[in-house]
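Topology and contacts: notes
The residues making up each chain are set out below.
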Amino acid sequence: VNPRVRVFCPATVANWGPGFDVLGVAVRGLGDQVLAEVVPGEPGVELAAIRGDGGRLPREPERNTASVAAASVARRFGIRLRLELDKGLPLSSGLGSSAASSVAGAAAAWLAAGQPLEADLAGLLEHALDGEQLASGARHADNAAPALYGGAILVHSPFESPPGLKPLPLPPRLWMTLVLPELELDTKTARQALPQEIPLREAVRGWGRLGGLIAAFYTGDLDLLSRCLVDDLVEPVRGRLIPGFAAVKAAALQAGALACSISGAGPAVFALSQSQSAAQALGQAMQRAWQEAGVASRVVVTQPDREGVRSLPLEL
Ligand code: HSE
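Residues numbered from 1 in each chain as written. Predicted model: local features only at pLDDT ≥ 70, side-chain atom pairs only at ≥ 80, totals over all residues. Heavy atoms only, no water.

Time to look at the packing of helix H1 (residues 65-77) against helix H2 (residues 97-112). In helix packing, the relevant descriptors are the interaxial angle and the interaxial distance, both defined with respect to the helix axes. The interhelical angle for the contact between H1 and H2, taken along N-to-C directions, is 25°, at an axis separation of 7 Å. One way to sum up the angle between H1 and H2 is to call them roughly parallel. The handedness of the crossing between H1 and H2 is right-handed. Contact residues: Thr65, Ala66, Ala69, Ala70, Val73, Ala74, Arg76 and Phe77 in H1; Ser98, Ser101, Ser102, Gly105, Ala106, Ala109 and Trp110 in H2. For the contact of H1 with H2, the class distribution of residues is 9 nonpolar, 5 polar and 1 charged. (Axes fitted to C-alpha atoms, helices over the stretch in contact; angles between N-to-C directions. Helix = DSSP H or I, 4+ residues; strand = E, 2+ residues; numbered from the N terminus. Parallel < 35°, antiparallel > 145°, perpendicular 65-115°, else oblique. Left-handed = near helix turned anticlockwise from the far one by under 90°. Contact = heavy atoms within 4.5 Å. Nonpolar A, V, L, I, M, F, W, Y, C, P; charged D, E, K, R; others polar.)

Following this line, the structure appears as structure tokens:
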């Protein structure tokens, strides 16, 4: 075993328009950390501290995504862990906060048990999804998988166990503008708002676009990307739950974004461009639009994170 390990897990942008529950991308610069220490006692976990959540996350280990995922690994390897969670991600923001905590928890426990992360990433994902199930009521892997592997991941077989995944290339020089409003949208609520059935014609339109988007990833065809990163199924329903969303999206497209949609279940919104300066200009335009709707927001200009979850030096 490794007596003490610290793990960082990045934020993720899920859905990407037509890829509801099956497409997600890890992003640089934002994420959660978990410190795990092996302690004597029954297999399982103790949740000793949570920082950065303003006291809002449940402290009971069976109600917290990081500790649920870590406990699932700890029981498998017969170890007991003392955990500390540092939330770098805002809660209920649409940036994969629960997945980052789940993956960080599972990975920290995995490393503490003396297992290399690369040994069984698919197995590790299953443990992380135990945490995701708790947070959102569904084992969707479109945040957890890219958080774990890094880069862009297609969940091509979402209902298999473990889910079937395919890492995708991303067009070079892709910049992402994330705008985080001072609003929260609970993922469970944002999922319950969605229709259970969709008309065949809408489904056809959706899978045509998802296929086009993936072709754009492989070929780097940005016109195709712009045309296909469009969603008429989920975005309109959730857009109504996010005050100012329509204006923010219009501002992004007006300012030259390649595409703009809701990040995950929202309320964060992401827009794509080809340079850092373009991404910053999009951020200003989107923030202004939200301001005019009476909503303060924070802009993060970033790029995909290619690495995924990773261990950090302990002194940090
Ligand atoms: N695919 C999930 C959803 C992501 O849209 O509900 C949640 O972050």
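This next bit is on the site of the ligand. Lining the immediate environment of the ligand, one finds Ala14, Asn15, Phe20, Asp21, His140, Asp142, Asn143, Thr187, Arg191, Arg238, Gly264 and Ala265. Here a nitrogen atom of the ligand and a side-chain polar atom of Asp21 are 2.5 Å apart. The separation between an oxygen atom of the ligand and a polar side-chain atom of Asn143 is 2.9 Å. (Near = heavy atom within 4 Å. Polar contact = N/O pair within 3.5 Å; in protein donor to acceptor, adjacent residues only side chain to side chain.)

Attention now moves to the sheet that holds strand S10 (residues 297-302). The 4 strands are arranged S8-S9-S7-S10 in an open sheet whose pairing can be described as antiparallel. Every interior strand has two partners, whereas the edge strands, strand S8 (259-262) and S10, have only one. Here the average twist between neighbouring strands, direction ignored, is 20°. Direction of pairing for S8 relative to strand S9 (residues 269-273): antiparallel, over a ladder of 4 bridges. Across the sheet, residue Cys260 finds its bridge partner in S9, namely Ala271. Set on the sheet, helix H9 (residues 245-254) makes contact with S8 and S9; between it and S8 the angle comes to about 160°. (Pairing = 2+ DSSP bridges.)

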